[in-house]
Amino acid sequence: GTAQIGVTGLAVMGRNLARNFARHGYTVAVHNRSYARTQSLVEEHGDEGTFVPSESMADFVASLERPRKVVIMVKAGGPTDAVIDELVPLLEEGDIVVDAGNAHFPDTIRREAALRERGLHFVGTGVSGGEEGALNGPSIMPGGTAEAYASLGPILEEISAKVDGVPCCTHVGSDGAGHFVKMVHNGIEYADMQLIAEAYDLLRQGLGASAAEIGEIFAQWNTGDLESFLIEITADVLKHTDADTGKAFVDIILDQAEQKGTGRWTVQNGLDLGVPITGIAEATFARALSGSVPQREAARAVLPAHAAQWEVKDRDAFIEDVRQALYASKVVAYSQGFDQIAAAAAEYGWDIDRGAMARIWRGGCIIRARFLNRITEAYERAADLPLLLADEYFTDAVASGLPAWRRVVAGAAQNGVPTPAFSSSLAYYDGVRAERLPAALVQAQRDFFGAHTYKRVDREGTFHTEWSGDRTEAEA
Ligand code: NDP
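Because the structure is a prediction, the values reported are computed rather than measured.

Student: Got a sec to walk through unusual backbone geometry? Specific residues and values, please.
Tutor: As a rule of thumb, non-glycine residues mostly have phi less than zero, and peptide bonds are mostly trans rather than cis. A cis amide bond links arginine 66 with the next residue in sequence, proline 67, at an omega value of -10 degrees. Residue placement: proline 67 occurs in the loop between helix H3 (57–62) and strand S4 (69–72). One non-glycine residue, alanine 451, lies in the positive phi region at around 50 degrees. On the secondary structure map, alanine 451 appears in the loop between helix H19 (439–450) and strand S10 (463–465).

Written as structure tokens, this is what we have:
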């Protein structure tokens, strides 16, 4: 074989990834279950580089140089297993199989182990940036062994997005680490989107401003600390007018947010690891609430607000308050997501450089943002920082916005505007910094009804009080 890399699965993502490899001068073997997709890729884009199309998996494998590098880009789940099962018997020791689809990381751990047993490398790889990213440079998060990365990594780095000449691709860690980090990326994306949506709602209800006016505010914010892809597209969307009705586009969209499930995976894992990722969880539940149609209909009919029409006195001051509250809440959501990565690394045996994760998210992916540089810098100052919020830059950034953050959350509560992500982020901030938490009372309750024992602040040991008897305390 002569092809340097192969792609199987040529729907939007695989097709664009194959074109990206070809445009970088690689000879690319291409294959798809139904041959029509392979043919149309070569017909429409054959002039962009060198493609070697195959109709059968056997011919596809035979067209590749050894050790082979095969990228699978098909529907996650069963389809990925089906393709692996067809591919693996055709491969030889030392070949590298890359799963670039949105696999759930436990599947990646399982597949990596199975292929390792057969002498093959399996590289579960997160890819972010949608079809546009796949073509012009995505953010790439590969897992697998360091050995596999040594031969595959340079190619992936070449086709990834670049920021200041630095590739948005690095070896994340062994087996499922790449897909795990991609999952957390998506969770943070949920939180980021929800926070932006709440900021929009606050401005709309607080100021009575039009969608287009708020679009201007977001465009303005995009020139400062909040500069990011999501703020930029939000400004664009809010300024867009529906062609049919002439109304603000956002007003003609049904207000029920859907999801493909990566946010849910992130939250489930947060519960498994016991990491409070409240921003991501609230964002995921906010989508669920928006889709709770019967409940919303029933509630709308009977539940009063007992809130006055919001009257904001100083328009510019309010806008600045919302901006600061958004930034502070965003710092919390990211801090929580990076905590989850640290907890997962400890639990699943991965060595993940969190600063490098922020670096490879600066370009190509949905959460790309200026602010990620600050996160990389924080982990450069202290690689094992226990809490991103405790880094000097973030401590100052949040502290300076704290009065605004409290005003916004209090105002929202008083005026009946739901801000689950803003509010829970502030509650997290106050919780994590608290000298004492009412968890002490929870421990006492647990000991009372279930003899679950407690520890004391003044002595070592584990204790139980005879609540139903004479209330003597015994060491457990
Ligand atoms: P789809 O997820 O829509 O999957 C379609 C592809 O999967 C086709 O090539 C199809 O082949 C193939 N396929 C489905 N079932 C089987 C099977 N049983 N055996 C063999 N092949 C099968 O394609 P996308 O391009 O949208 O996404 C590809 C992967 O990339 C997915 O895992 C997705 O989650 C992930 N991803 C997608 C992003 C996006 O923005 N769309 C972003 C990042 C990752 P056929 O043509 O024969 O039907």
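Student: Outline the site of the ligand, supporting the account with residue identities and numerical values.
Tutor: Lining the immediate environment of the ligand, one finds 19 residues, of which Met13, Asn32, Ser34, Arg37 and Val74 sit closest. Separating an oxygen atom of the ligand from a backbone N or O atom of alanine 76 is a distance of 3.5 Å. When the ligand sits alone it has 890 Å² of accessible area, and the protein chains cover 78% of it. Elements supplying a minimum of two residues to the shell around the ligand: helix H1 (12–23) and helix H4 (78–87). For the shell around the ligand, the per-class residue count stands at 10 nonpolar, 6 polar and 3 charged.

Student: Outline the layout of surface pockets, supporting the account with residue identities and numerical values.
Tutor: In this structure, the second largest pocket spans a volume of roughly 250 Å³. When residues of the lining of the second largest pocket are traced back to their parent elements, those giving at least two are helix H14 (315–348) and helix H17 (392–415). Looking at the lining of the second largest pocket element by element, the count peaks at 5 residues for H17. Here the residues of the lining of the second largest pocket are counted per class, giving 5 nonpolar, 3 polar and 5 charged.

Student: Describe empty space enclosed by the protein, listing the residues and the values that go with them.
Tutor: Inspection of the entire model under this criterion finds 2 cavities of 30 Å³ or more. Its boundaries defined by the atoms lining it, the largest cavity holds a volume of some 60 Å³. The set of elements that each furnish at least two residues to the lining of the largest cavity consists of H1, strand S6 (121–128) and helix H7 (146–159). For the lining of the largest cavity, the class distribution of residues is 9 nonpolar, 1 polar and no charged.

Student: If you had to explain the nonpolar core to someone new, which residues and values would you point to?
Tutor: With 86 residues, the main nonpolar core has Leu203, Phe218, Trp221, Phe338, Trp361, Ile375 and Trp405 as its most contacted residues. Residue contributions to this core peak at 15 residues, all from H14. Once residues within four sequence positions are removed from consideration, phenylalanine 218 is found in contact with Ile196, Ala199, Tyr200, Leu203, Ile231, Thr234, Ala235 and Leu238. Core analysis: the second largest hydrophobic core is formed by 28 residues, Ala22, Leu41, Ile96 and Ala148 among them.

Student: How would you summarise the side chain of serine 160 if you had to cite specific residues and measurements?
Tutor: With respect to the helices and strands, serine 160 occurs in the loop between H7 and strand S8 (162–163). Polar contacts involving the side chain of serine 160 include one to the main-chain carbonyl oxygen of glutamate 157, which spans 2.9 Å.

Student: Got a sec to walk through the state of the cysteines? Specific residues and values, please.
Tutor: The final tally for this structure, using the stated rule, is 0 disulfides. Of the cysteine sulfurs around cysteine 168, a residue in no disulfide, the closest is that of cysteine 365, at 7.1 Å. Owing to a relative accessible area of 0%, cysteine 168 belongs among the buried residues under this scheme.

Student: Lay out a positive patch on the surface in plain terms, naming residues and giving numbers.
Tutor: A cluster of like positive charges, contributed by Arg33, Arg37, Lys75 and Lys260, occupies part of the molecular surface. Along the chain, the position of lysine 260 falls in the loop between helix H10 (229–239) and helix H11 (262–273).

About the cut-offs
- Residues numbered from 1 in each chain as written.
- Predicted model: local features only at pLDDT ≥ 70, side-chain atom pairs only at ≥ 80, totals over all residues.
- Heavy atoms only, no water.
- Helix = DSSP H or I, 4+ residues; strand = E, 2+ residues; numbered from the N terminus.
- Near = heavy atom within 4 Å.
- Polar contact = N/O pair within 3.5 Å; in protein donor to acceptor, adjacent residues only side chain to side chain.
- Areas by Shrake-Rupley, 256 points an atom, 1.4 Å probe, with all protein chains shown as cover.
- Nonpolar A, V, L, I, M, F, W, Y, C, P; charged D, E, K, R; others polar.
- 1 Å grid on protein atoms, 1.4 Å probe; cavity = no way out; pocket = protein on both sides within 12 Å on 5 of 7 lines; lining within 4 Å.
- Points joined across faces, edges and corners; volume = space filled by probe spheres on them.
- Core = buried A, V, L, I, M, F, W, Y, C linked by side-chain atoms within 4.5 Å.
- Buried < 20%, exposed > 50% of the residue type's maximum accessible area, 1.4 Å probe, protein only.
- Contact = heavy atoms within 4.5 Å.
- Disulfide = S-S within 2.5 Å.
- Patch = residues over 30% accessible without salt bridge, like charges linked within 9 Å, V, L, I, M, F, W, Y side chains within 5 Å.
- Salt bridge = Lys/Arg side-chain N within 4 Å of Asp/Glu carboxyl O.
- Lys, Arg positive; Asp, Glu negative; His and termini not counted.
- Charge placed at Lys NZ, Arg CZ, Asp CG, Glu CD.

Read these as spatial facts, not as claims about activity.
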